[in-house]
Amino acid sequence: MPSSITAAPATPPSSSRLPEAEVDPIFVQRWSTRAFSAQPVPAEALRSLFEAARWAPSASNVQPWLFVYASGADLTGARELLREPNQRWAGSVPVLIFVFARRHHPETQQALRTAAFDTGAAWFSLALQAEKLGLRTHAMGGIQHERVHAALGVPAEDYESIAAIAVGYPGAASELPADLAAREAPNARKSQREFVFAGRYVSPSS
Ligand SMILES: Cc1cc2nc3c(=O)[nH]c(=O)nc-3n(C[C@H](O)[C@H](O)[C@H](O)COP(=O)(O)O)c2cc1C
């Protein structure tokens, strides 16, 4: 491993998180914590996250992403839009961002085949910017997709509900429910061998 690649201080040591090639440490440092501090996120920091998302690439530069965020008094209703397993840990998260992707091209009305891909790029730009600011993010597909449109005023015919993102400063794992506290550690990754192929895919069964 090149000496310039180091694990994050908050990341417990794990051989499964060693990079296989030179990579900026931020990619390995970021992980989806459940332990968040209730410390508010300054408005300026939040703008910085959305600015990172703003510069993401998208097919035909349509920029199909849409973010509706809740902080302060809006959080009570927003938390109810999470599915119960996520409500268990997201109680003290100071910001919840709901992510939508536009369904159709604004001019041609053609279906946007790569809108979720583009929106994924935007969310991950936001996540890396958060990491740079000492914030943590945790994406959640486990939200009540059937409720978010009406609750947040986003028309379902125009936008697909994709996920929510918890944003905040790191908190103490000891404040999580015991079962989640015991699992509060970064995940491993597959080896590049399993998902990168030169020239032609080779099935593991062949
Ligand atoms: C689109 C998406 C949906 C996810 N949904 C949930 C979820 O509902 N609840 C949860 O606890 N984590 C959720 N996660 C977090 C993943 O489990 C996590 O990103 C994955 O295990 C990799 O771990 P890491 O982000 O810590 O590297 C989601 C992540 C993504 C990108």
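Rules of the game
Residues numbered from 1 in each chain as written. Predicted model: local features only at pLDDT ≥ 70, side-chain atom pairs only at ≥ 80, totals over all residues. Heavy atoms only, no water. Pairing = 2+ DSSP bridges. Helix = DSSP H or I, 4+ residues; strand = E, 2+ residues; numbered from the N terminus. Axes fitted to C-alpha atoms, helices over the stretch in contact; angles between N-to-C directions. Contact = heavy atoms within 4.5 Å. Buried < 20%, exposed > 50% of the residue type's maximum accessible area, 1.4 Å probe, protein only. Polar contact = N/O pair within 3.5 Å; in protein donor to acceptor, adjacent residues only side chain to side chain. Near = heavy atom within 4 Å. Areas by Shrake-Rupley, 256 points an atom, 1.4 Å probe, with all protein chains shown as cover. Nonpolar A, V, L, I, M, F, W, Y, C, P; charged D, E, K, R; others polar.

Student: Help me understand the sheet that holds strand S4 (residues 159–168), please; the structure alone is not making it clear to me.
Tutor: Picture the strands of a sheet paired through backbone hydrogen bonds; they go either parallel or antiparallel. If you walk across this open sheet you meet the 4 strands as S1-S2-S4-S3, and the pairing is antiparallel. Of all strands in the sheet, those with a lone pairing partner are strand S1 (65–71) and strand S3 (136–140), marking the two edges. Neighbour to neighbour, the strand axes of the sheet diverge by 25° on average, direction disregarded. Pairing of S3 with S4, which is carried by 5 bridges, proceeds in the antiparallel orientation. In the strand pairing of S4, threonine 137 is matched with valine 167. Along the sheet, helix H2 (residues 43–54) contacts S1, strand S2 (95–102) and S4; its crossing angle with S1, the most-contacted strand, is approximately 170°. Along the sheet, helix H6 (residues 145–152) makes contact with S1, S2 and S4, crossing S4 at roughly 85°.

Student: Teacher, can you tell me more about the side chain of serine 161 here?
Tutor: Turning to its location among the elements, serine 161 is positioned in strand S4. Serine 161 gets classed as buried once you look at its relative accessible area, which sits at 10%. One polar contact links serine 161 to histidine 145, side chain to side chain, over a distance of 2.7 Å. Filtering out sequence-adjacent residues up to four positions away, serine 161 remains in contact with Val99, Phe100, Ile143, His145, Val148 and His149.

Student: Where do I start with the site of the ligand in this structure?
Tutor: The local shell around the ligand holds 13 residues, among which Ser32, Arg34, His138, Gly141 and Asn187 are the closest. In the model, an oxygen atom of the ligand is placed 2.5 Å from a nitrogen or oxygen of the serine 32 side chain. A distance of 2.8 Å separates a nitrogen atom of the ligand from a polar side-chain atom of asparagine 86. If the ligand stood free it would expose 620 Å²; the protein chains cover 65% of that surface. If you tally residues by element for the shell around the ligand, the top one is S3, at 3 residues. Its residues assigned to classes, the shell around the ligand comprises 4 nonpolar, 6 polar and 3 charged.

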